[in-house]
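Single-letter residue listing:
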Amino acid sequence: MNYVVIDRGDKLSKQLAAQFHILAAARGLVRNDERPQMVVSIGGDGTLLQAFHSHADQVEDIAFVGVHTGHLGFFADWKADELEELVRMMAEDEPKIVRYPLAEIVLDTSEGLSTYIAVNEFTLKGVDNTLVAQIDINDELFEMFRGDGIVVSTPSGSTAYNKSLGGAVIHPSIDCLQIAEIASINNRVYRTLGSSVVLPQHHHCDIISRKDQRLQLTFDHLNITRSDIRSIRCSVSARKISFARYRPFPFWNRVREAFLGYEVK
Ligand code: NAP
């Protein structure tokens, strides 16, 4: 099996990456930074996001596995002292592959259309003033938004920024996107639903810029600023992210441990 390791860059993660390469070589695994079959992320959930975006063009041919060097993550389930066990399983066992939805975001700008994908979410905010945008669902006007911003999350991202905004936590086996508001202004001109909305796979939403405005867009941890956005189409991507599971990693156990503090047995 070909693999690549992406680490968070801190001392412990770098040490574990070096150790992983030694263990992997002894088990016959082949390091291949360009065309890996398995991407091993060592650090936290943020490291997995970086690993994903550095191999996003190969997403259909690769699987991810995460080692955490801090707290138990949503993407990283292996502990630092389990590295040897992980390498052994990678060499000897066939993992269960679980596939989670991604968000697809198509920007319509003065330069034409450009497409992005996100594991956690896409966010849109005004840079200089509040964001002013029309939100259409399935090509029909849904609401006129004015406020700090909009977050469009995948189910995997529902436990991240979306959760801080009061959005629902959604099991990643459900193919959908969730739209959450950040501090919307509600008056007679601008009126929004106020609660988050969940779109199924066959629906889409368009965020249409309603004034000349500088906008900040994020795709997971990546961000860009543009002044020429006409509209943004958000939908569930036809592509998915694959995780290699060598042992069970139930989503609701992770939610319970991360947010409620009860230990997972
Ligand atoms: P960061 O600002 O360094 O860390 C954000 C935190 O979010 C980290 O603790 C990270 O976990 C955690 N996280 C990432 N994905 C998660 C998930 N799917 N479920 C639960 N927690 C998750 O930024 P970063 O590490 O580059 O991560 C970017 C992410 O930060 C964005 O995708 C967004 O979801 C999140 N974010 C959250 C807020 C907010 O809640 N107010 C605001 C902006 C961005 P680790 O420590 O394990 O890496």
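Each remark here, short or long, concerns the structure printed above.
Since this is a predicted model, take the numbers as computed values, not measurements.

**Student:** Report on the site of the ligand, specifying residues and quantitative values.
**Tutor:** Close to the ligand lie 16 residues; Asp-45, Gly-46, Glu-121, Thr-159 and Ser-164 are nearest. Taking Gly-46, its main chain carries an N or O atom lying 2.8 Å from an oxygen atom of the ligand. Side-chain polar atom of Thr-159 to a nitrogen atom of the ligand: 2.7 Å apart, as the coordinates give it. Protein chains shield 61% of the accessible area of the ligand, which is 830 Å² for the free molecule. Where the shell around the ligand is concerned, the elements lending two or more residues are helix H2 (45–54) and helix H4 (161–164). Among the elements that line the shell around the ligand, the one with the most residues is H2, at 3 residues. Residues that form the shell around the ligand fall into these classes: 5 nonpolar, 8 polar and 3 charged.

**Student:** Tell me about the side chain of Asn-120, and please be specific about residues and values.
**Tutor:** In this structure, Asn-120 sits in the loop between strand S7 (112–118) and strand S8 (121–126). Its relative accessible area of 9% is what places Asn-120 among the buried residues.

**Student:** Residues and numbers for the pairing of S7, please.
**Tutor:** Pairing geometry for strand S6 (residues 96–109) and S7, over 7 bridges, is antiparallel. Bridge pairing in S7 links Asp-108 to Leu-113.

**Student:** Requested: an account of the nonpolar core, with residues and values cited.
**Tutor:** Counting 26 residues, the largest nonpolar core has Phe-122, Ile-207, Leu-217 and Ile-232 as its most contacted members. Beyond its immediate stretch of four places on either side in the chain, Ile-232 contacts Ile-105, Val-106, Leu-107, Phe-122, Leu-124, Cys-205, Asp-206, Ile-207 and Leu-217. Counting 22 residues, the second largest nonpolar core, distinct from the first, contains Ala-17, Ile-42, Ala-244 and Tyr-246.

**Student:** Please provide a residue-by-residue account of the side chain of Thr-154, values included.
**Tutor:** By secondary structure assignment, the location of Thr-154 is in the loop between strand S10 (140–153) and H4. Here Thr-154 falls in the buried class, since its relative accessible area comes to 1%. Among the polar contacts listed, one links the side chain of Thr-154 to the backbone nitrogen of Gly-157, at a separation of 2.9 Å. Not counting residues up to four positions away in its chain, the partners in contact with Thr-154 are Pro-101, Leu-102, Ala-103, Ala-118, Val-119, Asn-120, Cys-176 and Leu-177.

Reading the values: rules and limits
Residues numbered from 1 in each chain as written. Predicted model: local features only at pLDDT ≥ 70, side-chain atom pairs only at ≥ 80, totals over all residues. Heavy atoms only, no water. Near = heavy atom within 4 Å. Polar contact = N/O pair within 3.5 Å; in protein donor to acceptor, adjacent residues only side chain to side chain. Areas by Shrake-Rupley, 256 points an atom, 1.4 Å probe, with all protein chains shown as cover. Helix = DSSP H or I, 4+ residues; strand = E, 2+ residues; numbered from the N terminus. Nonpolar A, V, L, I, M, F, W, Y, C, P; charged D, E, K, R; others polar. Buried < 20%, exposed > 50% of the residue type's maximum accessible area, 1.4 Å probe, protein only. Pairing = 2+ DSSP bridges. Core = buried A, V, L, I, M, F, W, Y, C linked by side-chain atoms within 4.5 Å. Contact = heavy atoms within 4.5 Å.

Functional significance is not addressed by these values, which are geometric in nature.
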